[in-house]
Structure formats: C-alpha cells, structure tokens
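Understanding the architecture of this molecule
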Amino acid sequence: MIDDFKGKTAVLTGAGSGFGLECARIGARLGMNLVLADVQQDALDAAAAEMRAAGAPVLARRVDVSSAEQMEALAVATRSQFGAPHFVFNNAGVGAGGLVWENSIRDWEWVLGVNLWGVIHGVRLFTPMMLEAAGADPNYTGHIVNTASMAGLLTPPNMGIYNVSKHAVVSLTETLYQDLRLVTDQIGASVLCPYFVPTGISQSHRNRPADLADQKPTRSQLIGQAMSDKAVGSGKVTAAEVAQMVFDGMKADRFYIFSHPKALGNVSDRMNAIVAQQNPPDPFAARPEIGVGLKAALRSAGD
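Residues numbered from 1 in each chain as written. Predicted model: local features only at pLDDT ≥ 70, side-chain atom pairs only at ≥ 80, totals over all residues. Heavy atoms only, no water.

1. With respect to the side chain of Thr 13
To keep it simple, the criterion reads: Here a helix means four or more residues in a row that DSSP labels H or I, a strand means two or more in a row labelled E, and each is numbered from the N terminus. For every residue, the accessible area (1.4 Å probe, protein chains only) is compared with the maximum for its type, and the residue is labelled buried under 20%, exposed over 50%, or partly exposed between those bounds. What makes two residues a contact is simply this: any of their non-hydrogen atoms within 4.5 Å.
Among the structural elements, Thr 13 can be located in strand S1 (residues 9–13). Thr 13 gets classed as buried once you look at its relative accessible area, which sits at 4%. The contacts of Thr 13, once residues within four sequence positions are left out, are Gly 20, Ala 37, Val 65, Phe 89, Asn 90, Asn 91 and Ala 92.

Okay, here's the thing in structure tokens:
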C-alpha cells in the first residue's frame, strides 16, 4: 500500500507504450522518480523526453526483460540513481496466437521470455532491494504490480502460448503476495488482469527477435492475429483508465485489478467447472457467433 507517491521511485517495464507509458504519465504528475525500460528504443526515447518535459527525474534504459543480465543492470542502475524503488511495474508483454502445437520453440521462448521471465527477473531483483529498504525504514512502503491478463484466468482457444505465460504470472503473483505477507507489512503486491484494451500489444510482432521476423506465420496464427486486432482495436476501456486503476489499486492494497469486471462471469464458469469436475465450458457461450466463425476458419484452413 502506498498512500503518497510524491518523491517515490517507480520502475516500469514496457514503458514506451500502453499501460507502462500511462502509468509513467500518472507517476510524473504525482512527482515520482521514473525508471523507464523498454525494448523499443524510439518509443523509450519519446517517453523519456515527455516525462522529463513534465519535470520528472528519469532514468531510461533499453532493456530486453527476458535477459537476466540486462535486468540485473537495470536494477543496479536504479539503486545507484534513486535507491530502492517503491513501485515496481513488471508490465512488458507480447501477444501471440495460433494452435498450441503450431508454435515453434522460438515462439515459446520469446513469449515466455518476455511475459514470464521478465516478471520473474523483476520480482527476484527488486523485491530484496525493497525488503532491505523496509527493514531500514519503518515508514517505507512499496508495491509490486505484475501485468497478467484475463487470459491468465481463462483458457481461450487459439492463443495457448499467451494463456500459459499469463496463467504463470497470476500464480507467481498470488504466491508473491502470500510470501510477502509472511515477512513484512510494508510491501504489497497486485496482479493486473486486463481484457481487451487498445495498448499496442496486438502489434507485438514489431518487436519480434530477428530470428523470428522471417518465420512465416501459420494459418491459425494469422487467424488469431486478425481476431486479436479486431478485439483489441474495438476496446472501449483505455490504457489511461487502466493505469489509473493500477494506482487506485495500490492505494487500496487491492490484489486483483480488473479492467473489465463483467468478464469475471467467464472466470466463475471455469472455476465452477473445475470444482464440479466437469469438462471445460464453452468459452464462446456468450458470443457463439465468434466460436462458430473461428471453428469455420480453422477447419477450412486445410481445404
């Protein structure tokens, strides 16, 4: 729980766009020191320039969050310039679709590297730093927010590689919450589970590693990309609104942060099926036309 953000330090990955950028904007308005990390140099430069113009002290680093070495360097630089952070937003993420057996080893390595290992690195590097600060100062408060997805609580088809990464982030963050509760009352944790919000994640292929850039997508991956583009592009909740939910969640010490609470009906259906030992429910029960269209598109792929 953080009541007053002024003069506190925020570390934000994926800071060049989407939720990371919008949280940086809120942090700048609240008088925070900002550590901005992103893999896309031009977006990072633009974000850093904007925050500096707003008067925020900024440390900007181009970072591939899947790299232990680069994340370790970010942690060292953060401590050197600002000391222990108060708000750590492990937010960098990439999207990927397709039938699970069609994803290549490199597809799995890329998505899990960013979406899961990026969070793992953020937790393992910054939590000890924050605990040390809490031990030295009884007035220190901190909060870690990890970005998962509603796909971390559901299992929509044709996007298994993404689901796996986000389910892992939910599990990691729930465990982090429980672990922190064992050792301190000064540091909280939350998991952000957005649904379809226009953030740029559906265009993650812009930052695909060079050895994946020339990999021809499968039919199911193309279909998944088109559906993702449509769903994300039509989202009515903005990234700025979700970023405000993140700050409100930290102040309230709220663990689960949802952009679309109405989607929790689908989560309830899944959980009830598990408890009742039933087969997984139809993910398109509320929108059957989507399921019909996806099934027709996939089954015609081999025609």
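What follows continues from the structure just given.
2. Quick notes on a nonpolar patch on the surface
For the record, the criterion: Within the patch definition used here, like charges are joined within 9 Å and nonpolar side chains (Val, Leu, Ile, Met, Phe, Trp, Tyr) within 5 Å, considering only residues with over 30% relative accessible area and no salt bridge. Residue burial considers only the protein chains on display, and all accessible areas are found by Shrake-Rupley using a 1.4 Å probe. Here, a salt bridge means any side-chain nitrogen of Lys or Arg that lies within 4 Å of a carboxyl oxygen of Asp or Glu.
A surface patch of nonpolar side chains, amounting to about 310 Å² of accessible area, comprises Leu 131, Leu 182 and Val 183. The topology assignment puts Leu 182 in helix H5 (residues 160–183). Residue classification places Leu 182 among the exposed residues on the basis of a relative accessible area of 70%.

3. A short note on the sheet that holds strand S3 (residues 58–62)
Rule in force here: When DSSP finds two or more bridges between two strands, those strands count as paired. For helices, the axis comes from a line fit to the C-alpha atoms of the stretch in contact; other axes are also lines fit to C-alpha atoms, and the angle between any two N-to-C directions lies between 0 and 180 degrees.
Spatially, seven strands are ordered S3-S2-S1-S4-S5-S6-S7 in an open sheet, and the strand pairing comes out parallel. Edge positions in the sheet fall to S3 and strand S7 (256–258), since each has one partner strand and no second. Sheet twist, expressed as the average angle between the axes of neighbouring strands with direction ignored, equals 15°. In the sheet, S1 pairs with strand S2 (residues 33–38) via five bridges, with the strands oriented parallel.

4. Quick word on the nonpolar core
The condition that has to hold: To form a nonpolar core, buried Ala, Val, Leu, Ile, Met, Phe, Trp, Tyr and Cys residues must be joined to one another through side-chain atoms within 4.5 Å.
Formed by 47 residues in total, the largest nonpolar core has its most connected members in Leu 74, Phe 126, Met 130, Met 150, Leu 153 and Cys 193. Of all the secondary structure elements, the ones that give two or more residues to this core are S2, helix H3 (68–82), helix H4 (105–136), H5 and strand S6 (187–193). Looking at this core element by element, the count peaks at twelve residues for H4. With near-sequence residues (within four places) excluded, Met 150 lies in contact with Cys 193, Pro 194, Tyr 195, Phe 258, Ala 263, Leu 264 and Val 267. Listed in part, the 33 residues of the second largest apolar core include Ala 24, Val 145, Ala 239 and Ala 243.

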